[in-house]
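# What the coordinates show
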Amino acid sequence: MVNVKRKRRNPSIATSSMSDIGFLLLIFIMLISLMNQRYEEKINYSESTVLERTQADSNFEIWVQKNGAISANGEQLDMLSLEKAIVSAVSENPNVRIHIIADKDTPYKYVNSVVCVLQSLQHRVVSFVVKEK
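Structural notes, computed from the coordinates. (Residues numbered from 1 in each chain as written. Predicted model: local features only at pLDDT ≥ 70, side-chain atom pairs only at ≥ 80, totals over all residues. Heavy atoms only, no water.)

## Let's talk about the pairing of strand E2 (residues 59–64)
Of all six residues that make up E2, six are buried, and the element is covered over most of its length. Taking every second residue as pointing to the same face, both faces of E2 are buried, with Asn59, Glu61 and Trp63 on one and Phe60, Ile62 and Val64 on the other. Note: E2 against strand E5 (residues 97–102), six bridges, orientation parallel. Each residue of the ladder has a partner; that of Trp63, found in E5, is Ile101. By the bridge criterion, three bridges tie E2 to strand E3 (residues 70–72) in an arrangement that is antiparallel. (Buried < 20%, exposed > 50% of the residue type's maximum accessible area, 1.4 Å probe, protein only. Helix = DSSP H or I, 4+ residues; strand = E, 2+ residues; numbered from the N terminus. Pairing = 2+ DSSP bridges.)

What follows is the structure, encoded as structure tokens:
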């Protein structure tokens, strides 16, 4: 019998691919964070005592500024463009909830003009977004 001693190798971890994995994770995190960004306008929210929470994933938000400027999805809209945007959103997702978000100092006539567009489209599920007390 021949006694042959084998040298044991110390286990090692190849670290050359670690930078690749880190880079891919960084790209993945950056892409996910970009998808979850939400367009918002700077406004003072109205306040209410009765609240109902809705799911944010199926909302179409209409922003009304104090000066009457109306925007949706980050674009300034006139009434005709607003109507087209609402029709497009409802045709893509029939369960979409329309949210009207207006500054608390916005004159009622500007908010009412948005409500009139929704009435002409016979859209009945509308939420007015307010701040929690």
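Read on for the rest.
## Here's the deal with helix H3 (residues 108–120)
Taking 1.5 Å per residue as the helical rise, H3 with its 13 residues ought to reach 18 Å, and the 18 Å between its terminal C-alpha atoms agrees with that figure. Among the residues of H3, Val111, Val114, Val117 and Leu118 are the ones counted as buried. Buried positions in H3, seen along its axis, are confined to an arc of 115 degrees and lie on one side of it. For H3, exposure combined with an orientation more than 90 degrees from the buried face picks out Tyr108, Lys109, Gln119 and Ser120. For H3, the elements touching its buried residues are E2, E3, helix H2 (79–92), E5 and strand E6 (126–128). (Expected span 1.5 Å × (residues − 1). Arc of directions from axis to C-beta. Contact = heavy atoms within 4.5 Å.)

## Focus on the nonpolar core
Soluble globular proteins tend to bury their nonpolar side chains together. Counting 17 residues, the largest nonpolar core has Phe60, Ile62, Val64, Leu82, Ile86 and Val114 as its most contacted members. Those elements giving two or more residues to this core turn out to be E2, E3, H2, E5 and H3. When sequence neighbours within four positions are dropped, the list of residues in contact with Val114 reads Ile62, Val64, Ile70, Leu82 and Ile100. (Core = buried A, V, L, I, M, F, W, Y, C linked by side-chain atoms within 4.5 Å.)

## Considering the packing of H2 against H3
Where H2 contacts H3, the two axes come as close as 10 Å, and the packing angle between them is 50 degrees. The angle between H2 and H3 falls in the class oblique. Where H2 crosses over H3, the two elements pack in a sense that is right-handed. Residues Met79, Leu82, Glu83 and Ile86 of H2 lie in contact with H3, whose contacting residues are Ser113, Val114, Val117 and Leu118. The residue makeup of the contact of H2 with H3, split by class, is six nonpolar, one polar and one charged. (Axes fitted to C-alpha atoms, helices over the stretch in contact; angles between N-to-C directions. Parallel < 35°, antiparallel > 145°, perpendicular 65-115°, else oblique. Left-handed = near helix turned anticlockwise from the far one by under 90°. Nonpolar A, V, L, I, M, F, W, Y, C, P; charged D, E, K, R; others polar.)

## Brief notes about the sheet that holds E5
Read from one edge of the open sheet, five strands run E4-E3-E2-E5-E6, paired in mixed fashion. Among the strands making up the open sheet, the edge pair consists of strand E4 (75–77) and E6. Within this sheet the neighbouring strands show an average axis-to-axis angle of 30 degrees, counted without direction. H2 contacts E2, E3, E4 and E5 of the sheet and is inclined by roughly 165 degrees relative to E2. Contacts from H3 reach E2, E3, E5 and E6, with the element oriented near 165 degrees to E5.

## Focus on the environment of Val114
Take Val114: it is sitting in helix H3. Residue classification places Val114 among the buried residues on the basis of a relative accessible area of 0%. Each C-alpha atom, one on Val114 and one on Met79, is 7.7 Å from the other, the two residues being 35 residues apart in sequence.

## Some remarks on the pairing of E5
Burial analysis of E5 places five of its six residues in the buried class, which makes it a mostly covered element. Of the strand pairs in this sheet, E5 and E6 are connected by three bridges, and their pairing is parallel. Among the inter-strand pairings, Ile100 is bridged to a residue of E6, identified as Phe128. For the segment spanning E5, H3 and E6, crossover handedness is right-handed. (Right-handed = clockwise from strand over helix to strand, strands pointing away.)

Worth remembering: the numbers are spatial, not functional.
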